Amino acid sequence: MNSPHTPTQPLVFESDPVAMRARVAEALRGGLRVGFVPTMGALHAGHDSLVARATGECDAVAVSIFVNPTQFGPREDYSRYPRTFEADCGRLRPLGVRWVFTPSVEGMYPAGDATRVHVAGPADRWEGAFRPGHFDGVATVVAKLLSAVPATKAYFGEKDWQQSAVIRRMAADLLLPTEIVVCPTVREADGLAMSSRNVYLSAPERSRAAAIARSLERGSELWDRGVEAGEIERAARESLVELGFEVDYWSIVCEDSLVPVVELPAAAGGVRPRIITACRLGSTRLIDNRGLSPR
Ligand code: PAF
């Protein structure tokens, strides 16, 4: 099927969730496949890759830009989170995006707002433990965004692996009709995973930050050689601490349940293992992950 969008089409901006839903519903009624890329703005090449996948697979693509207050803790970076709206639009213009959905905080959380989506299971540990309430905020806003943009497919980055597992769980549990697509992480030349928060790093921190991706590669090599998970984890944490990182976690987990493989019965079969990590460099917190081959 020929894609009815062209890279030069003007962006259509919509801030009203009800009007946005009407636009998408009309496109779906017309037989179009609608793709959706939810973002918090501060777009980079990682977002471009999500949009490219969406435009490749769908006929009309919506991108949302909404810095969602409910997924930030009281002492986190909501107020200083980078807001680069003009640059974001310039970035989206040549990519063949049809709609840019820019709801307001009041539009997404109307007066009297009293509903939160709480996902247990994959949301319980790791980011869920270090950032209490974070995944309630993510699950709630993604449910709302998918209500305003009831797309055929929605695209999320693998870089936030646990987030993608939580969203897949929520979409399955709430019987949401949108297919959740998780796309590979885009990395800088030295391996650092692209993130809107990388701009917080000072120049010396930025040059050290690639050690996180190197620790994942090293972990993967040791895993392939048969080294025991606990030993790989200890070695990785020690080497990152020596380099000046504070390691919130560096663990090998089952990629769907997020349960550490060291807690699984030795005979547990069918586990798809993945390293997940969160490390702090100064005041910047970085997360990354890497899939491992099943043992
Ligand atoms: O990954 C993000 O940018 C955000 O967590 C998301 C999925 C857009 C929800 O605010």
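Bear in mind the structure is a predicted one, so any value in this text is a computation, not a measurement.

In this approach a probe as big as a water molecule rolls over the atoms, and the regions it shows empty are the leftover space. There is about 240 Å³ of room inside the second largest pocket. Trp223, Ala229, Val261, Val262, Leu264, Pro265, Ala266, Ala268, Val271, Pro273, Pro294 and Arg295 together form the lining of the second largest pocket. Split by residue class, the lining of the second largest pocket holds 11 nonpolar, no polar and one charged.

All residues adjacent to the ligand are Pro38, Thr39, Met40, Asn68, Gln71, Val141, Phe156 and Gln163. Here Gln163 contributes a side-chain N or O atom positioned 2.7 Å from an oxygen atom of the ligand. Taken together, the residues of the shell around the ligand break down into four nonpolar, four polar and no charged.

According to the stated counting rule, one finds five aromatic pairs in the structure shown. Ring geometry for Phe72 versus Tyr81: centroids 5.7 Å apart, planes at 75 degrees, classification edge-to-face. On the basis of an interplanar angle of 55 degrees and a centroid distance of 5.2 Å, the ring pair of Trp126 and Tyr249 is categorised as tilted. Within this pair, whereas Trp126 is found in the loop between helix H4 (105-108) and helix H5 (127-130), its partner Tyr249 is found in strand E7 (residues 246-254), the two being separated by 123 residues in sequence. Exposure class is identical for Trp126 and Tyr249. Each is buried. Three or more aromatic residues joined by ring pairs make a cluster, and in this case those are Phe72, Tyr78 and Tyr81. Sitting above the plane of the Tyr200 ring, Arg80 keeps its charged end 4.0 Å from the centroid. The ring of Trp99 carries the charged tip of Arg98 above its face, separated from the ring centre by 5.3 Å.

Turning to helix H3 (residues 85-92), a few remarks are in order. Every α-helix winds through 3.6 residues per turn, so residues three or four apart in the chain are directed the same way. When we look at burial in H3, the residues that qualify are Asp88, Cys89 and Leu92. Angularly, the buried residues of H3 cover 95 degrees about the axis, an arc narrow enough to put them on a single face. Away from the buried face of H3 by more than 90 degrees, exposed residues Glu86 and Ala87 are located. Of the surrounding elements, those touching the buried residues of H3 are strand E1 (12-14), helix H2 (45-57), strand E3 (60-65) and strand E4 (99-101).

Okay, the packing of helix H9 (residues 211-224) against helix H10 (residues 229-242) next. The contact between H9 and H10 brings their axes to 10 Å, and the two run at 155 degrees. What the angle tells us is that H9 and H10 run roughly antiparallel. Of the two possible hands of crossing, H9 and H10 adopt the one that is right-handed. Together, Ala211, Ile212, Ser215, Gly219, Leu222 and Trp223 of H9 and Ala229, Ile232 and Leu240 of H10 make up the contact between the two elements. Residues of the contact of H9 with H10, tallied by class, amount to seven nonpolar, two polar and no charged.

This brings us to the environment of Glu188. With respect to the element layout, Glu188 can be found in the loop between strand E6 (179-183) and helix H8 (203-209). Taking the relative accessible area as the measure of exposure, Glu188 reaches 31% and is therefore partly exposed. The residues contacting Glu188, other than those within four sequence positions of it, are Met194 and Arg206.

The next subject is the pairing of strand E5 (residues 153-157). Judged by how many residues are buried, E5 sits mostly within the fold: four of five residues are covered. One ladder, built from two bridges, connects strand E2 (residues 34-39) with E5; its direction is parallel. Bridged to Phe36 within E5 is Ala154. Here E5 runs beside E6; their pairing, made up of five bridges, is parallel. For Gly157, the partnering residue across the bridge sits in E6 and is Cys183. For the handedness criterion, the β-α-β arrangement of E5, helix H7 (residues 161-173) and E6 is classed as right-handed.

Right, let's talk about the sheet that holds E3 for a bit. Strand order in the open sheet made by the six strands is E1-E4-E3-E2-E5-E6, with parallel pairing throughout. Edge positions in the open sheet fall to E1 and E6, since each of these has one partner strand only. Neighbour-to-neighbour, the strand axes of the sheet open up by a mean angle of 25 degrees, direction not taken into account. One ladder, built from three bridges, connects E1 with E4; its direction is parallel. Bridging across to E4, Glu14 finds its partner in Phe101. Relative to E2, helix H6 (residues 134-148) is tilted by about 145 degrees, and along the sheet it contacts E2, E3, E4, E5 and E6.

Right, let's talk about unusual backbone geometry for a bit. Positive phi is not limited to glycine here, since Ala42 has a value of about 50 degrees. With respect to the secondary-structure elements, Ala42 resides in the loop between E2 and H2. Of note, Trp126 is a non-glycine position whose phi angle comes to about 50 degrees, a positive value.

Criteria and cut-off values
Residues numbered from 1 in each chain as written. Predicted model: local features only at pLDDT ≥ 70, side-chain atom pairs only at ≥ 80, totals over all residues. Heavy atoms only, no water. 1 Å grid on protein atoms, 1.4 Å probe; cavity = no way out; pocket = protein on both sides within 12 Å on 5 of 7 lines; lining within 4 Å. Points joined across faces, edges and corners; volume = space filled by probe spheres on them. Nonpolar A, V, L, I, M, F, W, Y, C, P; charged D, E, K, R; others polar. Near = heavy atom within 4 Å. Polar contact = N/O pair within 3.5 Å; in protein donor to acceptor, adjacent residues only side chain to side chain. Phe/Tyr/Trp six-rings, centres within 6.5 Å; stacked < 30°, edge-to-face > 60°. Helix = DSSP H or I, 4+ residues; strand = E, 2+ residues; numbered from the N terminus. Buried < 20%, exposed > 50% of the residue type's maximum accessible area, 1.4 Å probe, protein only. Lys NZ or Arg CZ within 6 Å of the ring centre and 35° of its normal. Arc of directions from axis to C-beta. Contact = heavy atoms within 4.5 Å. Axes fitted to C-alpha atoms, helices over the stretch in contact; angles between N-to-C directions. Parallel < 35°, antiparallel > 145°, perpendicular 65-115°, else oblique. Left-handed = near helix turned anticlockwise from the far one by under 90°. Pairing = 2+ DSSP bridges. Right-handed = clockwise from strand over helix to strand, strands pointing away.

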